[in-house]
Amino acid sequence: MDKAKFLVSGKEYEFPLLNGTENEVAVDIRKLRESTGLITYDPGYGNTGSCRSAITFIDGDNGILRYRGYPIEELAGQIRFSAAAYLMVYGRLPSESEFLEWRKQLTLNSFVHASQVNFFDNYSALAHPMNILSSMVSSMSAFYPYDAEDESDIDLHIRRLIGQVKTIAAFSYRKSVGLPYIYPRTDHSYAANFLRMMFATPAEEYVVPKVMENALDMLLILHMDHEQNCSTSTVRMVASSMSNIYASVSAGISALWGRLHGGANEAVLNMLQRISEDGGNVSKYVELAKKKDDPFRLMGFGHRVYKNFDPRSRILKKAVDDVFNEMGIHDPLLGVARELEDVALKDDFFIQRKLYPNVDFYSGILYRALGIPTEMFTVLFAIGRMPGWIAHWLEMRADPDLRIQRPRQIYIGETKRHYEKNDTFL
Ligand code: ACO
């Protein structure tokens, strides 16, 4: 079958089918409105394919996630973040010399412009670090000349974005606690540099604990891409108007911030804290999450695509055990999280709706073990997601099907009416 047939008011129309490499099939409705006068209605885009992409494959029914063909289980915890970032952006793993050069370039391009560093002094003490991150990334295009007509230096902008996002994140933290800024070094890995910039003091040598470096590498890789999610679709939407890469990615950071998306990791921790302070009665909160008239939801549960399990959450759950054992940590919130998962997974409401823990459920517990403050959790997600956003930006710009993204609507407002001249107060 290579065509889909629709019957509209007794007349038959045929539309071609598009096939992906993993057997998924889409109806190509590009000529739908032209031939039938109809448009589609799909709030939340749950049935809409917005592009063809060769970056990430997800099979939500079977809990499969692959970057550029590689299963997530073979990347997270196995290779360095910068190697995975290279794979994401350029579509293949680097050779040893390419890897060393790329890692060095990411560090050499990770210094925030000296004039931009002054910005940190002027944010309100109440500013959320995601707010700071999105505006700092947006203003990068004011410091680095950018010609949208000639993007031959795009690789330099890419290195700056991946390099600087972690510096901006660490500096916003250092500013918030009144500590001097620490700069990255070429003899450290990406993750080690971030931890050093967060936690070192100029007073003594800081040796990055290997267990923390490895855990952070794994966390960042787990968050690197997830095909056409809300923030990535935002990056693509902005990029479709030919906006520059800094502006596009900054919009993605804003989209990620929401608590239904990346902001869920912060919300999970706050929820676990609330349950713990309320006596640890998880059943009470599971019941509350089921009430239609209450806005409370189990944060870190449910996913638009995964209807079986989220493979990232499985990897994280195991990693939490390993890291906690190695670091000799005990966190009472981990007990609350495990109990909450157990109770929810046995509950009919969650079983029927196929609601499972997602990537955000255990990531916060692990960030907390690394000493990352709760309000920085979503910033960590953004650091990990940066190569993914960039890969989608590049793919979109090279797509021969690229058109400015501009959905249609079903208008439900007033039909034509007239302004009455006797409304004299106007
Ligand atoms: N707690 C309680 N009920 C839930 C939850 C939850 N976490 N998630 C979904 N439901 C219920 C809904 O109330 C709805 O019930 P109904 O059919 O009786 O009306 C049903 O499950 C389907 O939910 P939708 O909101 O329609 O699913 P959607 O695909 O639009 O939303 C989302 C997915 C946003 C992730 C949702 O599950 C949610 O709000 N989860 C909590 C926030 C969260 O963890 N977000 C992170 C997602 S992963 C990421 O972005 C990195």
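Remember, it's a predicted structure, so these values are computed and weren't measured experimentally.

S.K.: Can you help me understand helix α16 (residues 359-369) in this one?
M.R.: Since the α-helix turns once every 3.6 residues, residues separated by three or four places project in the same direction. Of all the 11 residues making up α16, 10 are buried; the element is thus mostly covered by neighbouring parts of the structure. Residues of α16 that are buried sit in contact with α8 (210-222), α11 (264-277), α13 (311-327), α14 (332-345) and α17 (377-397). By the N-cap criterion, in which a side-chain oxygen at the helix start approaches the backbone nitrogen of a residue two or three places on, α16 is capped by Asn358, the distance to Asp360 being 2.9 Å. Gly371 occupies a position one or two residues after α16 and carries a positive phi of about 90°.

S.K.: Would you mind showing me how to read the site of the ligand here?
M.R.: Close contacts around the ligand come from 21 residues, with His261, Arg297, Leu298, Gly300 and Arg304 the closest. Here an oxygen atom of the ligand and a side-chain polar atom of Lys292 are 2.9 Å apart. Between the ligand and Phe301, the relevant distance is 2.9 Å, taken from a nitrogen atom to a main-chain nitrogen or oxygen of the residue. Looking at the shell around the ligand residue by residue, the class counts come to 10 nonpolar, 5 polar and 6 charged.

S.K.: Sorry if this is basic, but what is going on with the state of the cysteines here?
M.R.: Enumeration according to the criterion identifies 0 disulfides in this entry. Take Cys230: it sits in no disulfide, and the sulfur closest to it among the cysteines is that of Cys51, at 15 Å. The class for Cys230 is partly exposed, based on a relative accessible area of 46%.

S.K.: How do you make sense of a positive patch on the surface when you look at a structure like this?
M.R.: Taken together, Arg33, Arg403, Arg406 and Arg408 make up a surface patch of like positive charges. On the basis of relative accessibility, which here comes to 64%, the residue Arg406 falls in the exposed class.

S.K.: Looking at this model, I keep getting lost on the pairing of strand β4 (residues 56-59). Mind explaining?
M.R.: Consecutive side chains along a regular strand alternate between the two faces of the sheet. With 4 bridges connecting them, β4 and strand β5 (residues 64-67) associate as antiparallel partners. Across the sheet, residue Phe57 finds its bridge partner in β5, namely Arg66. In sequence, β4 turns back onto β5 through a hairpin of 4 residues, with Gly63 there showing a positive phi of about 65°.

S.K.: Would you mind going over the sheet that holds β5 with me for this structure?
M.R.: Backbone hydrogen bonds are what pair the strands of a sheet, in a parallel or an antiparallel way. If you trace the 3 strands from one edge of the open sheet to the other, you get β4-β5-β6, paired in antiparallel fashion. The open sheet has two edge strands, β4 and β6 (70-71), and neither has a second partner.

S.K.: Teacher, can you tell me more about unusual backbone geometry here?
M.R.: In most cases, non-glycine residues show a negative phi, while peptide bonds are predominantly trans. The backbone phi angle of Met242 is positive, close to 70°, even though this residue is not glycine. You can see Met242 is positioned in the loop between α9 (230-239) and α10 (245-257). Of note in this structure, Lys354 is not a glycine but carries a positive phi near 55°. Here Lys354 shows up in the loop between α15 (348-352) and α16. Judged by relative accessible area, Lys354 falls into the partly exposed class, the value being 42%.

S.K.: Just to check I follow, could you spell out the side chain of Ser313 for this structure?
M.R.: Structurally, Ser313 is set in helix α13. Under the relative-accessibility criterion, Ser313 is labelled buried at 8%. Excluding anything up to four places from it in sequence, Ser313 contacts Pro357, Asn358, Val359 and Tyr362.

S.K.: Can you walk me through the pattern of salt bridges in this structure?
M.R.: Pairing is possible between side chains of opposite charge, provided their charged atoms come close. Counting across every chain of the model gives 23 salt bridges. In this structure, Lys284 and Asp278 form a salt bridge, with 2.6 Å as the shortest nitrogen-oxygen distance. On the basis of relative accessibility, which here comes to 43%, the residue Lys284 falls in the partly exposed class. Overall, Asp278 belongs to the partly exposed group, its relative accessible area being 32%. Through salt bridges that share partners, Asp28, Arg30, Arg52 and Asp401 make up one connected network.

S.K.: What is the right way to read the pairing of strand β1 (residues 3-8) from this model?
M.R.: One ladder, built from 6 bridges, connects β1 with strand β2 (residues 11-19); its direction is antiparallel. Bridge pairing in β2 places Lys5 opposite Glu14. With antiparallel pairing between neighbouring strands as the criterion, β1 and β2 make up a hairpin whose turn holds 2 residues, including Ser9 at a positive phi of roughly 45°.

Thresholds applied
- Position numbers for residues count from 1 along each chain, tracking the sequence in the order it is written.
- In keeping with the predicted nature of the model, local features appear solely for residues at pLDDT of at least 70, side-chain atom pairs appear and are counted solely at 80 or more, and the whole-chain, interface and lining totals rest on all residues.
- Here the side-chain values reflect all heavy atoms present in the structure, with hydrogen atoms and water set aside.
- Only protein chains enter the accessibility calculation, which uses a 1.4 Å probe. A residue is then buried if its area is under 20% of the maximum for its type, exposed if over 50%, and partly exposed in between.
- Helix and strand definitions here come from DSSP, where helices need a minimum of 4 consecutive H or I residues and strands a minimum of 2 consecutive E residues; each element is numbered from the N-terminal end.
- The contact criterion used throughout is that any non-hydrogen atoms of two residues lie within 4.5 Å.
- As used in this structure description, the phrase polar contact means that two N or O atoms lie within 3.5 Å; if the pair is within protein, one of them must be able to donate a hydrogen and the other to accept it, and residues adjacent in sequence are counted only when both atoms belong to side chains.
- We call a residue near a molecule or strand whenever a single non-hydrogen atom of that residue lies within 4 Å of it.
- Residues are grouped as follows: Ala, Val, Leu, Ile, Met, Phe, Trp, Tyr, Cys and Pro are nonpolar; Asp, Glu, Lys and Arg are charged; all remaining types, including Gly, are polar.
- Only a pair of cysteine sulfur atoms within 2.5 Å counts as a disulfide in this structure description.
- The patches described consist of residues with a relative accessible area above 30% and no salt bridge, like charges being joined within 9 Å and nonpolar side chains (Val, Leu, Ile, Met, Phe, Trp, Tyr) within 5 Å.
- The method behind every accessible area is Shrake-Rupley, applied with a 1.4 Å probe, and residues are considered shielded solely by the protein chains displayed.
- Any Lys or Arg side-chain nitrogen found within 4 Å of a carboxyl oxygen on Asp or Glu counts as a salt bridge.
- Charge convention: Lys and Arg are scored as positive, Asp and Glu as negative, and His as well as the terminal groups of each chain are ignored.
- Charge positions are represented by NZ for Lys, CZ for Arg, CG for Asp and CD for Glu.
- When DSSP finds two or more bridges between a pair of strands, those strands are recorded as paired.

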